[in-house]
Amino acid sequence: MTEKKMVLVVGLGRFGAALCERLVALRQYVVAVDKVRSRVELLADDVDLTAQLDATDEEALVKVGVREADVAVVAIGENTEASILATAILRELGVPYVMARAQTALHARVLARVGAHRVIFPERDMGMRVADHFVFPWLSQFSQVPGSELLVGKTAPRPEMIGKSLAKLNFRNEYNAVVLLVDRQGEQFIPRADTVVEATDQLFISGKSDEINQWVQGSKESKEAKR
């Protein structure tokens, strides 16, 4: 989100609270609600508006201005019934984009059926991400493009690329990746076909994880061969 939006976060457990904190850091207008008073009080001084309420109470949601929200995130954890009802109510109230947290595959299917635009599994996704980072440490330099298998991140060029232009390397076909940006000694620019790769360059590339893994492994093998 590049412009300031109003985001309603429903459920202020660890996930919901962390989400609120990050949204505030990104300068979004955050409304945080939970039926547990202590959770609401913990965030009262950090977000724009807090309210202690039952998210299955449509009238209460209307009073905190839910119809003005651009995005709503249902971050309720264990109470699947409340999660589903809150999601359905938010959709009925016309929130343009509703994201909901699921605990199980069945829970996710129900959330989708009542109108959630996107369903997330924070614990599962984080567990998979941590496991991937153990096996592929280079992943810490990359981010996944939402809704796709593509990764975007920064890496050093492979030895055989140095001194050659992207056109001569036939980069797109040879490496099955795209160079989005070049960082050359602190100066960043969008490369052209005739851009020659230098040894000190950092390349911002986009590609699939298996292709990028081959790239990284190839770079390691080249360094080891030089030794």
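What you are looking at is a predicted structure, and each value in this text was computed from that prediction instead of being measured.

(A) Here's a closer look at the environment of Glu-198. By secondary structure assignment, the location of Glu-198 is in the loop between strand 10 (187-189) and strand 11 (202-208). Spatially, the C-alpha atoms of Glu-198 and Val-182 are 9.9 Å apart, while their sequence positions differ by 16 residues. Sequence-distant contacts of Glu-198, that is, excluding residues within four places in its chain, are made with Pro-157, Ile-162 and Arg-184.

(B) Region of interest: the confidence of the model for the protein. Within the protein, residue pLDDT values average 87, and 86% of them lie at 70 or more. Of the regions scoring below 50 in pLDDT, residues 220-226 engages in two contacts with residues more than four places distant in sequence or in other chains.

(C) Representation of the side chain of Asp-201. Inspection of the secondary structure assignment puts Asp-201 in the loop between strand 10 and strand 11. Judged by its relative accessible area of 1%, Asp-201 falls in the buried class. There is a polar contact of 2.8 Å between the side chain of Asp-201 and the backbone nitrogen of Glu-198.

(D) Region of the structure containing the pairing of strand 11. Examined bridge by bridge, strand 8 (residues 150-155) and strand 11 share six bridges and lie antiparallel to one another. Directly across from Leu-150, in strand 11, lies its bridge partner Lys-208. Direction of pairing for strand 9 (residues 177-184) relative to strand 11: antiparallel, over a ladder of six bridges. Looking across to strand 11, one finds that Leu-181 is bridged to Phe-204.

(E) The arrangement of the sheet that holds strand 2 (residues 29-34) in detail. Read from one edge of the open sheet, six strands run 3-2-1-4-5-6, paired in parallel fashion. Every interior strand has two partners, whereas the edge strands, strand 3 (49-52) and strand 6 (118-120), have only one. Between one strand axis and the next, the sheet turns through 15° on average, direction left out of account.

(F) Expanded view of unusual backbone geometry. One non-glycine residue, Arg-27, lies in positive phi territory at about 65°. Mapping Arg-27 onto the fold places it in the loop between helix 1 (14-25) and strand 2.

(G) Seen up close, helix 4 (residues 80-92). With 13 residues, helix 4 extends 18 Å between its outermost C-alpha atoms, agreeing within 8% with the 18 Å of an ideal straight helix rising 1.5 Å per residue. Against strand 1 (6-10), helix 3 (58-63), strand 4 (71-74), strand 5 (97-101) and helix 5 (105-113) lie the buried residues of helix 4. One or two steps after helix 4, the chain reaches Gly-94, where phi turns positive at roughly 90°.

(H) Inspection of the nonpolar core at higher detail. The biggest cluster of nonpolar side chains holds 29 residues, and the ones touching the most others in it are Leu-8 and Leu-90. Ranked by residues supplied to this core, first place goes to helix 4 with four residues. When residues no more than four places from it in sequence are discounted, the contact partners of Leu-8 are Val-31, Val-33, Val-66, Ala-69, Val-71, Ala-72, Val-73 and Leu-90. In terms of nonpolar packing, the next biggest core, distinct from the first, is built from 16 residues, Leu-12, Cys-20, Val-40 and Val-47 among them.

Here is what the cut-offs are and how they apply
- Residues numbered from 1 in each chain as written.
- Predicted model: local features only at pLDDT ≥ 70, side-chain atom pairs only at ≥ 80, totals over all residues.
- Heavy atoms only, no water.
- Helix = DSSP H or I, 4+ residues; strand = E, 2+ residues; numbered from the N terminus.
- Contact = heavy atoms within 4.5 Å.
- pLDDT = per-residue confidence, 0-100.
- Buried < 20%, exposed > 50% of the residue type's maximum accessible area, 1.4 Å probe, protein only.
- Polar contact = N/O pair within 3.5 Å; in protein donor to acceptor, adjacent residues only side chain to side chain.
- Pairing = 2+ DSSP bridges.
- Axes fitted to C-alpha atoms, helices over the stretch in contact; angles between N-to-C directions.
- Expected span 1.5 Å × (residues − 1).
- Core = buried A, V, L, I, M, F, W, Y, C linked by side-chain atoms within 4.5 Å.

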